[in-house]
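# Structural overview
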Amino acid sequence: MAVGTGMAGHAIATTKSSSSRKALGRYGFVIPAVALFVVFIAYPILWVLGQSFYTKDAAGVPSLSLSANYIGVLRDPTFWVVVRNMTLWAVITIPVQMLIGGLLAYFIERHTNRLRGFFRTMFFLPVVTSVSVVSLVWVQIYAPYYGIAQEYLKHVGIVMSTSPIGDAKTAIYALIIVNIWQWTGFSMLMYIAGIANMPSEILDAARIDGASGWRLAVNVVIPMLAPATKSLLLLGIIGTLQTFPIVHLMTGGGPNHASEVFGTYIFKQSFVLNDSGGGAALSVIVLLLALVLSLIQIVLLGARLTPAQKEG
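What you see is a predicted model; the values in this text were computed from it and never measured. (Residues numbered from 1 in each chain as written. Predicted model: local features only at pLDDT ≥ 70, side-chain atom pairs only at ≥ 80, totals over all residues. Heavy atoms only, no water.)

### Notes on the pattern of salt bridges
One pass over the structure, following the stated rule, counts three salt bridges. A salt bridge links R120 to E109; its shortest N-O distance comes to 2.7 Å. Of the two residues, R120 sits in helix 4 (residues 116–128) while E109 sits in helix 3 (residues 77–111), which places them eleven residues apart along the sequence. When its relative accessible area of 32% is taken as the criterion, R120 is described as partly exposed. (Salt bridge = Lys/Arg side-chain N within 4 Å of Asp/Glu carboxyl O. Helix = DSSP H or I, 4+ residues; strand = E, 2+ residues; numbered from the N terminus. Buried < 20%, exposed > 50% of the residue type's maximum accessible area, 1.4 Å probe, protein only.)

### A short note on the packing of helix 3 against helix 9 (residues 213–224)
Look at helix 3 against helix 9: their axes get within 13 Å of each other, and the N-to-C directions meet at 120°. In terms of orientation, helix 3 lies oblique with respect to helix 9. Of the two elements, helix 3 crosses helix 9, and the hand of that crossing is right-handed. Contact residues: L103, Y106 and F107 in helix 3; G213, W214, L216, A217 and V221 in helix 9. Per-class residue counts for the contact of helix 3 with helix 9 are seven nonpolar, one polar and no charged. (Axes fitted to C-alpha atoms, helices over the stretch in contact; angles between N-to-C directions. Parallel < 35°, antiparallel > 145°, perpendicular 65-115°, else oblique. Left-handed = near helix turned anticlockwise from the far one by under 90°. Contact = heavy atoms within 4.5 Å. Nonpolar A, V, L, I, M, F, W, Y, C, P; charged D, E, K, R; others polar.)

### Describing the UniProt feature "transmembrane region" (unreviewed entry) in the protein
Taking the numbering used here, the UniProt-annotated feature "transmembrane region" (unreviewed entry) corresponds to residues 27–49, 86–109, 121–143, 171–195, 216–241 and 280–303. The annotated region residues 216–241 carries 96% helix and 0% strand content, and the separation between its end C-alpha atoms amounts to 35 Å. (UniProt positions renumbered as here; feature names shortened; annotations may be inferred.)

Here it is, written out as structure tokens:
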């Protein structure tokens, strides 16, 4: 009886030991990801949040103030100029990129054969081109008197005395054009993937019913590309809030803040004006704005985490 009890106890101990090793193995795969998240995401966010609650006096001595930096940002006229620029950026850039990208994807996939790979590569090339190169090229395109844009405008009697990116009235729109040119290829690629995943049976059935050309595209193809459209809309909003390199390299947010975006505004507040509290407060505002806009899109677009939740 004692022997049996000992064997049972040994078996239980062995089972527990095996379970512990399995649990340790599972945690071993999770720990590196958690560590990276804490070091590179959680800690920086908490640090910036903490910095946003401190202000500096004339001598540079920090003092705790929970709302001073946020009130200062909201009272700054430049902040509302940035909000206007960001709104224009999103309202113009996202729909135009999706429209042109969708048209390119449709004609490439449906009306090209041998040159399909060539067209895909050519239109996607700007996406993988260095932002520095894109900025340099477009600065030359926009150059007055000798730029490529000027050469075309001469035919309609327009002579530019200044570059569009140097004029406060046109700077933000000139940058929007550059952004559309660079990122339309990404929208095209997303729609190409969506078209490739379309069931051929549905398209064949639509053609049998008499749908063709634009009728087929509008009534069948576009509704079936809704997942790609939703993804591009969400990525476009987030990408708009993250805009920085192209503006920083081409205009630096000028002239007179006419092309200022959140990225350049935060950079100036934090590193040029040495107002770390104001820059941190602005960063927190942008983070909250991104979260709110993402949640609104998820709700309005009907996204769900699981099929069971969708059915519920």
